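Chain and residue survey
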Amino acid sequence: EDQVTQSPEALRLQEGESSSLNCSYTVSGLRGLFWYRQDPGKGPEFLFTLYSAGEEKEKERLKATLTKKESFLHITAPKPEDSATYLCAVLYNNNDMRFGAGTRLTVKP
Amino acid sequence: NAGVMQNPRHLVRRRGQEARLRCSPMKGHSHVYWYRQLPEEGLKFMVYLQKENIIDESGMPKERFSAEFPKEGPSILRIQQVVRGDSAAYFCASSPSGRASGELFFGEGSRLTVL
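Residues numbered from 1 in each chain as written. Chains lettered and ligands numbered in written order. Predicted model: local features only at pLDDT ≥ 70, side-chain atom pairs only at ≥ 80, totals over all residues. Heavy atoms only, no water.

Here we look at the sheet that holds strand S1 (residues 5-7) of chain B
Residues and elements named next belong to chain B. The line we're drawing: In this description, strands pair whenever DSSP reports at least two bridges between them. Strands are runs of DSSP state E lasting at least 2 residues, helices are runs of H or I lasting at least 4, and numbering of each runs from the N terminus. Orientation is described by lines fitted to C-alpha atoms, with helices fitted over the stretch in contact, and by angles between N-to-C directions that extend from 0 to 180 degrees.
Strand order across the open sheet formed by four strands is S1-S3-S8-S7, with antiparallel pairing between neighbours. Edge positions in the sheet fall to S1 and strand S7 (65-68), since each of these pairs with one other strand and no more. Strand-to-strand twist of the sheet, defined as the mean angle between neighbouring strand axes without regard to direction, takes the value 15°. As paired strands, strand S3 (residues 19-24) and strand S8 (residues 75-79) are joined by five bridges and run antiparallel to one another. Along S8, the bridge assignment pairs Leu-21 with Leu-77.

Right under this line is the structure:
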């Protein structure tokens, strides 16, 4: 069964402390991998789409990368306002789109 | 340009009652998706609709749940004879084209509590 696993479940960083979030998926035909940000009590907000291994996308302090088995969301010098849950989703060739459980990021000032 | 509008934001029902959740997609979007989210869990796909058609309902429970997206008006997710296990946040998303773009625009969700 197609699965999407995110790690860690929760991550606490000090402001300015860079780190990475991981999203791994079972390899059964990837059409795209997507990153979203979700604030408490809100709906997810789209961040990035990655389609092929080696692809990278950047937005402010965030950079998403993709390999054949996983994606990383790198956060450089995070700020408290980057605190949120980050979700990844995978769209498979059979049009099945699956979300991971998310990584809950807290950035302390 | 208004975003995806969901209502009600909060809904309380007693066991056995019906819950109706409404979703108005972004202007110009004809693709609507419903997801369910339990605390500390990811979004679980329920159903994908395009105007007047159900495209994919593989995530929808076979009983008590139904969805529609009529030619006019919002999409509706209907849960009949609710049970406590139906308590969750239900998110609607829309897109101008199919799922391949991955860029879904989500509403703020409807939080259902079943007493």
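Now that the structure has been shown, we can carry on.
Considering the pattern of salt bridges
How we decide: Each reported salt bridge corresponds to a side-chain nitrogen of Lys or Arg within 4 Å of a carboxyl oxygen of Asp or Glu. Exposure is judged per residue with a 1.4 Å probe applied to protein chains only, and the accessible area is read against the type maximum: over 50% gives exposed, under 20% gives buried, and values in between give partly exposed.
Counting across every chain of the model gives nine salt bridges over all chains. The residue A:Glu56 makes a salt bridge to A:Lys63 at a minimum N-O spacing of 3.8 Å. Judged by its relative accessible area of 29%, A:Lys63 falls in the partly exposed class. Connected via shared salt-bridge partners are A:Lys42, B:Arg9 and B:Glu108.

Examining the state of the cysteines
In plain terms, the rule: Any two cysteine sulfur atoms lying within 2.5 Å of each other are counted as a disulfide.
Here the structure, examined in full by the defined rule, presents two disulfides over all chains. Disulfide pairing is shown between A:Cys23 and A:Cys88; the S-S distance is 1.9 Å. On the sign convention where negative is left-handed, the bridge of A:Cys23 and A:Cys88, at about 65° about the S-S bond, is right-handed. Placement of the pair is A:Cys23 in strand S3 (residues 19-25) and A:Cys88 in strand S9 (residues 84-92), with a sequence separation of 65 residues. A residue is classified by how much of its surface remains accessible, and A:Cys88, at 0% relative accessible area, is buried. Here B:Cys23 is linked by a disulfide to B:Cys92, with a sulfur-sulfur distance of 1.8 Å. Taking the torsion about the sulfur-sulfur bond, which here is approximately -55°, the covalent link between B:Cys23 and B:Cys92 counts as left-handed. Of this pair, B:Cys23 sits in strand S3 while B:Cys92 is found in strand S9 (residues 88-95), placing the two residues 69 residues apart along the sequence.

Concerning the pairing of strand S11 (residues 110-114) of chain B
Residues in a regular strand point their side chains to alternate faces of the sheet. All names here are of chain B. Judged by which residues are buried, S11 turns out to be one-sided: Ser-110, Leu-112 and Val-114 face inward and are buried, whereas Arg-111 and Thr-113, on the alternate face, are not. When strand S2 (residues 10-13) meets S11, the two strands line up parallel, connected through four bridges. Bridge pairing in S11 places Val-12 opposite Thr-113. Pairing of S9 with S11, which is carried by three bridges, proceeds in the antiparallel orientation. If you follow Ala-89 over to S11, its bridge partner there is Arg-111.

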